[in-house]
Amino acid sequence: MLVLVAPGQGAQAPGFLTPWLDLPGVEDRLREWSSVIDLDLVHYGTNADADEIRDTAVAQPLLVAASLLSARQLFPTGGDVARLVGTTAGHSVGELAAAALSGVLTEEEALRLVRRRGLAMAEAAKVTETGMSALLGGEADVVLPHLEKLGLTPANVNGAGQIVAAGTMEQLAALAEDKPEGTRRVVPLKVAGAFHTEHMAPAVSVLESAAAELNPADPHTRYVSNRDGAVVTGGADVVRRLVGQVANPVRWDLCMETFKELGVTAIIEALPGGTLTGIAKRALPGVRTLPLKTPADLDAARQLIAEHSAPSGDASSAA
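The following refers to the structure shown. Keep in mind it's a predicted model, so treat the numbers as computed, not measured.

Some words on the environment of A306
Now for step 1: Along the chain, A306 falls in helix α14 (residues 298-308).
Now for step 2: Exposure remark for A306: the relative accessible area of 61% places this residue in the exposed category.
Now for step 3: Residues A306 and L2 lie 304 residues apart in sequence; the distance between their C-alpha atoms is 9.8 Å.

Given below as structure tokens:
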């Protein structure tokens, strides 16, 4: 069973969209979307520097657009996703790309919503200087109490020995000086705020207003939620979860448990791939993984799809 996933903030890198613009129709589509959300996605994906694309208001729509563009090279229509993909999911902001790929939102709706999400979260991040750091290694029963002691939130519980802590810069500095026992490294992330914590609460009301303008459809392909790893079968429920998830921890570990229970055999990670497939290699041994990084990865991805796609009629089952 094939799982299609979309990465979250921090996966972006300067110029990562450049080779994709050589593919037919890609630049035109990016410029159309840029007009829809009033953000120059072509510039930010090709010529902008690391500081420019670190801006939350830029990074989030850029990542969703990139995931959609790359996935559509493999699955041009929603019918292709429903026929070939067993399950969809996204990490943090990647959930909006998954919502579009699974048919809950149109691509334009997902991009408009993520644009408002990015702006609202950027505003919330200005209230207090905050950030996030990944802890590599260590056991959850040791790491989590240590974070609580320092006043930090486990904003992403990713599995495979990776937990992301979020809080004020002072709290993160204390963590760097006082790592939990068994933790190999503490790595600051390329994000501009303490996402998925109480610091993002002001953004929730903004997204509630934005979501009220949507008319979501039920997913045609299984959609797994960051909140609890549950398969969500109603479009309205998906959108409610997208709104609340801004201020709640990402439980990617539970998403992977669900993939395993559903019988995952292969995972393709949309552009800019690498982070989620890296975690899967450690957490889901024996599962084939393929991250999309450049167009050169597409042929291998097509081969993986041919080998692991769900039989016709099974991919959209919500069971």
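Regarding the nonpolar core
Now for step 1: Ranked by size, the top nonpolar core spans 83 residues in total, and within it L30, F75 and I268 carry the most contacts.
Now for step 2: Sort the elements by how many residues they give to this core and helix α4 (residues 56-74) lands first, with 10 residues.
Now for step 3: Discounting residues that sit within four places of it in the chain, I268 has contacts with L2, V3, L4, V5, L74, L290, L292, A301, L304 and I305.
Now for step 4: If you look at the next biggest cluster of nonpolar residues, it comprises 17 residues, including M1, A89, L276 and V287.

Some details on the sheet that holds strand β10 (residues 288-291)
Now for step 1: Overall, mixed pairing links the six strands, which are arranged β8-β7-β2-β1-β9-β10 in an open sheet. If you trace the sheet from one side to the other, it starts and ends with β8 (231-232) and β10, each paired once.
Now for step 2: Here strand β7 (residues 222-224) pairs with β8 via two bridges, running antiparallel. By the bridge assignment, V224 is partnered in β8 with V231.
Now for step 3: Strand contacts of helix α6 (residues 94-101): β1 (2-6), β2 (87-90) and β7, with the helix running at about 150° to β2, the strand carrying the most contacts.
Now for step 4: Against the sheet, helix α12 (residues 252-262) touches β1, β2, β7, β8 and β9 (266-269), its axis set at about 170° to β2.

Conventions we followed
- Residues numbered from 1 in each chain as written.
- Predicted model: local features only at pLDDT ≥ 70, side-chain atom pairs only at ≥ 80, totals over all residues.
- Heavy atoms only, no water.
- Helix = DSSP H or I, 4+ residues; strand = E, 2+ residues; numbered from the N terminus.
- Buried < 20%, exposed > 50% of the residue type's maximum accessible area, 1.4 Å probe, protein only.
- Core = buried A, V, L, I, M, F, W, Y, C linked by side-chain atoms within 4.5 Å.
- Contact = heavy atoms within 4.5 Å.
- Pairing = 2+ DSSP bridges.
- Axes fitted to C-alpha atoms, helices over the stretch in contact; angles between N-to-C directions.

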